[in-house]
Every structure is written in C-alpha cells, then in structure tokens.
Amino acid sequence: MPRLEKRNYRVSACTQISDIPHLSLDMHPPKSKSDIDSFEGLFIDYGRRETAYPYTQQNAYTEETEQEIPVAVLENEFLYAEFLPTLGGRLWKLYDKKKQKDILYTNDVIRFRNLSIRNAWFSGGVEWNCGIIGHSPFTCSQMYCAFVQGKNGEDVLRFYEFERVREIYYQIDFWLDENKLMTAVRIENQNTEVVPMYWWSNMATPEYKGGRVAVPANSAYNNSDGMGIKKSSIPFDNGKDVSYPENIPNTIDYFYDIPQNEAKFIANVDKDGYGLLQFSSNNLKGRKLFSWGHKNGSRHWQNMLTDKAGDYVEIQAGLGKTQYECIPMPPKCAWGFSECYTLADIPAEKVSAPYNELVGAVQAQIEALGGCALLDERLSCFQNDICLQKGECILKGSGFGYLHTVLGGKAPKHLEFCADDDVQPWISLTAGEKITENLSFAYGKEMENLLVKNENICNWNIPYQLALLSYDKREFETAKTYCERSLILENTAYNTHLYAHILYQLHHENCVYFAEKCLRMQNNSYCLAESILSLLLKQQAYAAAIQCFEKLSADLQKNPRLRMYLSMAYLKSGNAQQSEEILLEDGGLILLDFREGDRFLDTLYRGIRKALYKESDGEITVPAQFDFIVADFKKEDLK
C-alpha cells in the first residue's frame, strides 16, 4: 500500500494568508494576437481569466528553511515515487532502482517564487494543473489524499479536489506497474452547461549537456517574441536545432502540433539516452517544451529557483494543443485519460542521430512497454476498476467541495469531502443562522443565489460579496451599487479597498481618495498595501503613493516590493535621485516575488539612468540582480 512519511526539506513558508480578493487592474480583458490562419482549430483565449479570484494570492513568503513535511510514497522493486500532498500532490521524486537513475529533476530546495496565478510556485517534479489556465490554484496548498485498492489489487495513491471556478471534481490516481508509474485522471463536470476545461502535466527534467527532447511532430506553436502566436518548424527553428534545449537562446514555449494518428509522447534524454519518458492515451493530445533560454535574465531565473540542483527544462502534456486555450467540456459528463512515466532508455548513438531516428528510437521503447494504444484500450478499465473505487481519506483538502454539496451539488460517491473553517460561515448562512465571521470569497451561481436571498440582512459582507462577483464579471456599475450598500452598513478597509478599484475601472477621480483611506484604516497588512500601491501607480497618482507609503507600519516600509513601488513613484514624480537611492540602498533591492514576464525593474532602472545620466537604452547595462529579461524585444517595447 502507499505510505505517508515525514521528510526534512528546505521549504519556503507563507507568512501571511491573504484576506483580500485578487482584483484585475486591466481596463479591458487581455486577448492573444495570432499569425495563425483561423487558429487552426485552436480555442485561443477560451476560458482565459484575468485573476485567480476567488482564490486568494499567496504572495507573502520567506526564503526556505529546514522543515519536516509529509510525503506520500509508492514503491516496488523497480521504482521509488515520492509525492508532496501539502503542495498540490506534486510528484517530487521518481527513481529507477535497477538502473539507479533519477528520472525527474528534483530540486534541492522548495523555493517559492512569483510564477503562478496565485503567485507562489516552485520548480521540480511533476505538477498537476486542472481547471483554469496557468499553474494549479492548489500548487502550494494541501489536496485531499486517499489510499485506494484497485479491483485488480493495485495499490493506489489518490489526490483530489473540487475546483471552484469550473465547479468540477477532479482526481489523479497513481500506481506502480513494474518499472512504470501509471496515472489515471478523472474530471467530472456535473454542470448543466459547457465549461472551459484545462489540464497540463508539467514535468521538470534536467537540462542535460548534449541532451535532447523527442516528440513525434515537425512543427510547434509559440509566442516567444510577444508579438503573437505563430508556428515554427521542428526541430529547426531560425536555423537552430531546438530539440537540444541548450541551443535555445530565449525563454520559449514550444507547443508541438502532433498529428491525430501519431502516438502521444515526449521524452527528454541525456547524451547516453537516459531521462524521462512520458506517454499517454490519445486524448491527452498536447505536448510542450519550456526552456528559460540562455540570456543573463534566464540565468537569473534559474538561480532564483534553485540552490545547487542545476538548470532544468519542462516537458509537458495537456488536453489542448496549447496553453493559450481551454477545451469545451460538455455538461453532465466525465473525462478520463491515462499517463505513463518511466525511465527513457534508448541507444546512446540515437541521441545525436537525425531527429526522426531519435523519435523512432523512443517510439520503439514505448512499443516494447505496451504502447500508447494499450493505454487507450485499458482506459475504460482504469476508470471503472480504479478511479471509481472508494478509498481511505488520509489528508483533507479545502472545504469547498463539501460546501458545494450543501448548496445542492452532488459530489462523486467515491470521493469524501469535509468542511473546514473557510466554509463554516457559509454553512451557517445556508442554515439561516447569524454569521459572525467574514465570508470567504463567493463564486458560482449557487453562492450568488444564497447571497441574493439574504441581501436584506444588515451585514456589510453580504453586499460586499455581491460587489466582488459583479467586479469579477466586469459589471462595474452593479459592483459600485452593491459596494456602496456595504459601505453604508459598515465602513471597513476591505470594502474601501474594493470601492477604490471599482472607481478606478469607472475612471472616477475619487479612486485615489478611497485608496488612501483604505491604508489609513489598516496600515499593517502587506496584501492590502501591495494592492493599493499597485493601484495608485496604475492610476499615475505618484504623490499619493509616496504619502501612503509613509503611513505604512515600520515593518512594511522595509518590504523590498513596496520599496520598489516607492522608487518608481519618486521617479515618475521627477525625483530620480531619491528613486535611485531607494533602489540601490544596502547593495540594491532584492525581491523574492518578482513576476515572470514583468519588466518593472528593467523599466525603473533604465528610467533612472536616463533621467540622471542621460544614457540611451543602448548605453545602459542593467545589473544582474535587476535583470529578469529572458527574451529579445524590439526597441520600442523598452519605452
């Protein structure tokens, strides 16, 4: 049977649980550009969301420290597989005991950085992403964990959750079959309407010197230059053989266009032919290679994410052909697919052979293991004999699957959901009892209907929640009406925070007044301060941002991100000297949570150099600690 143990790892820790909603500052929903005719049947931007709402940000964390954390283990005479149930159920280690080789990239630290929709993310292992575009909302959260016995005696480890945005139940079942780690995924949509669905398995593997990635495709989609989705050839792109990750100059995603009749697999092997091999049933049709590239900023990111484990690339598998899209999932149905993870073991001479020979060698190993067709044939058996079996719940996840049942949903009979503190006020409201604690953020028609039913209750949190739902739907006038009703009932930092954002979206000048008022009401919350200062910079209210910063608690005024915002406010106010002093103090600001793709620090440093030293872009060398740029951009993009 699977077993639950404890391991000592160096792990980051969240220092503050955000109690404010993640609100979009975009005036218009972002849309992807494309050079592809008719999107070639892709569902580009379908299901795309602007924020993590109703999930809160995990944006306050420390550097890693030695901690004891639970791990779930599957082991036989061939393989050792270790999972992290408190961190999204991630497959952390996969070790071939016969060949004595690590199959995955296992980081030497679990180091949070700002790379997911909720901010905190870490590199290494295999991450399971379901529901909304981007990394899973549960990546740095505990999932339900159960031990299950398959009908044919399989010892099964299960992770599962209720995903709130799509209102779907999903589970991932794992078991060992000799030298193969098998997975069966089940996603259940009980809604009466089509929902956008997303799944990607993200596998970290070492960037091998002389190593190569093999996929049965001769073209791939990418958006590497930020100018729009386009198609490139594989393995040669712009004259470089990008099947060798070490040849890739810039950060890039290659989404391979695998023909429908081809086996669905991907492998990353070292120069000797060893590495990770993943193959699946045909309905998991997408494959991807992600590389940080090899610019100075790329090296900075790699160093930010690890201690001494070295560089990595990701190979991935998904329901769609790209991660720019979700796939329409019909109502009242369940989807299932199966994956196999094992040690790639191909002749060394095939690694440097012509690309089609390398792909053929990987295909031969898959056939020797039973082939993708066997997974297709056994998929219905996996779903019935493993996925629908009830197990013993070992660890609990969120309470929203339980709440969904209270509100009229029907959880799958084989999955156990439990209430937690986050949903107790909602359960009290459902029972007609007085609520004394704030409600966690609402989402979905059932929760909205419950709020409308109780909107005459004199509790500021009811109209506040309705205002949040309206804001998320970009119905800003409706949100304004509800938020004003909340403010009348009780004036809090939270509804004042929301009101400032609503007024920003409605281009109302009083946005700044309410933003300032919010921080006067509560000046010791990092999450509030970060959100409000971001809003003031977006509003170009630089003097107000400086004044608000000065009213923050002494501890918050030391925060590197907030000091970065202060530096930008001074620069934009015409005081580049003060801006430079803040940016460079004590050796220069060091941010743990700089955002992937963000150009803030680059723009700030260049702006200071231009203002104080009259340097042009070509004359400016951004110091390594501020250099997060991972791709070449056109000159006008620097403005």
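Here we summarise the structure given alongside this text. Bear in mind that the values here come from a model prediction, so they are computed numbers and not experimental data.

Here is what the cut-offs are and how they apply
- Residues numbered from 1 in each chain as written.
- Predicted model: local features only at pLDDT ≥ 70, side-chain atom pairs only at ≥ 80, totals over all residues.
- Heavy atoms only, no water.
- Helix = DSSP H or I, 4+ residues; strand = E, 2+ residues; numbered from the N terminus.
- Rg over C-alpha atoms; globule rule 2.2 N^0.38 Å.
- Buried < 20%, exposed > 50% of the residue type's maximum accessible area, 1.4 Å probe, protein only.
- Contact = heavy atoms within 4.5 Å.
- Areas by Shrake-Rupley, 256 points an atom, 1.4 Å probe, with all protein chains shown as cover.
- Lys, Arg positive; Asp, Glu negative; His and termini not counted.
- Charge placed at Lys NZ, Arg CZ, Asp CG, Glu CD.
- Salt bridge = Lys/Arg side-chain N within 4 Å of Asp/Glu carboxyl O.
- Phe/Tyr/Trp six-rings, centres within 6.5 Å; stacked < 30°, edge-to-face > 60°.
- Pairing = 2+ DSSP bridges.
- Axes fitted to C-alpha atoms, helices over the stretch in contact; angles between N-to-C directions.
- Parallel < 35°, antiparallel > 145°, perpendicular 65-115°, else oblique.
- Left-handed = near helix turned anticlockwise from the far one by under 90°.
- Nonpolar A, V, L, I, M, F, W, Y, C, P; charged D, E, K, R; others polar.
- Polar contact = N/O pair within 3.5 Å; in protein donor to acceptor, adjacent residues only side chain to side chain.

Moving on to the overall build of the chain. Within the chain, the regular secondary structure consists of 16 helices and 27 strands. Here the C-alpha atoms of the chain give a radius of gyration of 25 Å, agreeing with the 26 Å that 2.2 N^0.38 yields for 639 residues. Projected onto its principal axes, the C-alpha coordinates of the chain cover approximately 70 × 65 × 50 Å. For the chain, the residues scored as buried account for 60% of the 639 residues in total. Long-range pairs, those at least 24 residues apart, make up 71% of the contacts in the chain with a sequence separation of at least 6. Entry remark: accessible area of the chain is about 25,200 Å², with carbon and sulfur atoms responsible for 47%. If the 68 positive side-chain charges of the chain are averaged to one point and the 86 negative ones to another, these points end up 2 Å apart.

Let's shift gears to the pattern of salt bridges. Considering all chains together, one arrives at 41 salt bridges under this definition. For lysine 308, the salt bridge identified is with aspartate 307, shortest N-O distance 3.5 Å. For glutamate 448, the salt bridge goes to lysine 473, with nearest N and O atoms at 3.2 Å. Of the two residues, glutamate 448 is situated in helix α7 (residues 445-453) and lysine 473 in the loop between α8 (461-472) and α9 (476-489); the sequence distance between them amounts to 25 residues. Here glutamate 448 falls in the partly exposed class, since its relative accessible area comes to 24%. Members of the salt-bridge network, linked through shared partners, are Arg3, Glu5, Arg7, Glu75, Glu82 and Lys97.

Turning to the packing of aromatic side chains, a few remarks are in order. Under the definition given, this model contains 33 aromatic pairs. When the centroid spacing of 6.1 Å and the interplanar angle of 40 degrees are considered together, the rings of tyrosine 53 and phenylalanine 441 count as tilted. Of the two residues, tyrosine 53 sits in the loop between β1 (3-11) and β2 (65-75) while phenylalanine 441 sits in the loop between α6 (424-430) and α7, which places them 388 residues apart along the sequence. One exposure class covers both tyrosine 53 and phenylalanine 441, and it is buried. For the ring pair tryptophan 292 and tryptophan 301, a centre distance of 5.3 Å and an interplane angle of 10 degrees mean the geometry is stacked. Per residue, the accessibility class of tryptophan 292 equals that of tryptophan 301, and both read buried. Three or more aromatic residues joined by ring pairs form one cluster here, namely Phe83, Trp128, Phe159, Phe174 and Tyr341.

Now for the sheet that holds strand β11 (residues 168-177). Within the open sheet, the 9 strands sit side by side as β15-β21-β22-β26-β12-β11-β10-β9-β27. Their pairing is antiparallel. The sheet is open, and its two edges are formed by β15 (212-214) and β27 (392-395), each paired on a single side. Geometrically, the sheet is characterised by an average inter-axis angle of 20 degrees between neighbouring strands, direction not taken into account. Strand direction decides the pairing type here: β15 and strand β21 (residues 265-269), joined by 3 bridges, are antiparallel. Its bridge partner lying in β21, arginine 212 is registered against valine 269. Taken strand by strand, helix α3 (residues 355-368) contacts β15, β21, β22 (274-280) and β26 (333-345), and its axis lies near 65 degrees from that of β15.

What follows concerns the environment of leucine 506. Tracing the chain through its elements places leucine 506 in the loop between α10 (493-505) and α11 (511-521). Once the C-alpha coordinates of leucine 506 and lysine 480 are considered, the two residues, 26 residues apart in sequence, prove to be 9.2 Å apart. Setting aside residues up to four positions removed in sequence, leucine 506 forms contacts with Phe476, Glu477 and Lys480.

Okay, helix α1 (residues 296-305) next. Owing to its 3.6 residues per turn, the α-helix aligns residues three or four sequence positions apart on the same side. Within α1, 7 of the 10 residues are buried, leaving the element largely enclosed by the surrounding structure. Along α1, the residues classified as buried are Gly297, Ser298, His300, Trp301, Gln302, Met304 and Leu305. Where α1 is buried, its residues meet β6 (113-116), β7 (119-121) and β24 (312-318).

With that settled, consider the packing of α9 against α10. The geometry of α9 relative to α10 is characterised by a closest axis approach of 10 Å and an angle of 150 degrees between their N-to-C directions. In terms of orientation, α9 lies roughly antiparallel with respect to α10. Considering how the two elements wind past one another, α9 and α10 form a crossing that is left-handed. Residues Phe476, Ala479, Lys480, Cys483, Glu484, Ser486 and Leu487 of α9 form the contact with α10, whose own contacting residues are Asn495, Thr496, Leu498, Tyr499, Ile502, Leu503 and Gln505. In terms of residue class, the contact of α9 with α10 is made up of 8 nonpolar, 4 polar and 2 charged.

A few words on the pairing of β21. As a general feature of sheets, a regular strand has side chains that alternate between the two faces. Summarising burial for β21: 5 of the 5 residues are buried, a large majority. Of the two faces of β21, both are covered, the one formed by Phe265, Ala267 and Val269 as well as the one formed by Ile266 and Asn268. Strand direction decides the pairing type here: β21 and β22, joined by 5 bridges, are antiparallel. For asparagine 268, the partnering residue across the bridge sits in β22 and is leucine 276.

Before going further, it helps to examine unusual backbone geometry. The phi torsion of most residues other than glycine is negative, and most of the peptide bonds are trans. Omega for the peptide link from tyrosine 53 to proline 54 comes to 10 degrees, which places this bond in the cis form. Residue proline 235 follows isoleucine 234 across a cis peptide bond; omega there is 10 degrees. Here proline 235 lies in the loop between β17 (230-233) and β18 (236-237). Residues other than glycine seldom take positive phi values, yet lysine 332 does so here, at roughly 50 degrees. By the secondary structure assignment, lysine 332 is in the loop between β25 (327-329) and β26. Overall, the relative accessible area of 60% leaves lysine 332 in the exposed class.

Quick look at the side chain of histidine 414 now. Counting through the fold element by element, histidine 414 comes out in the loop between α5 (400-406) and α6. A relative accessible area of 9% means that histidine 414 is categorised as buried. Here the side chain of histidine 414 touches cysteine 387 through a polar contact of 3.0 Å, landing on its backbone oxygen. When near neighbours in sequence (up to four residues on either side) are disregarded, histidine 414 contacts Arg158, Gln171, Arg186, Cys387, Leu388, Gln389, Lys390 and Gly391.

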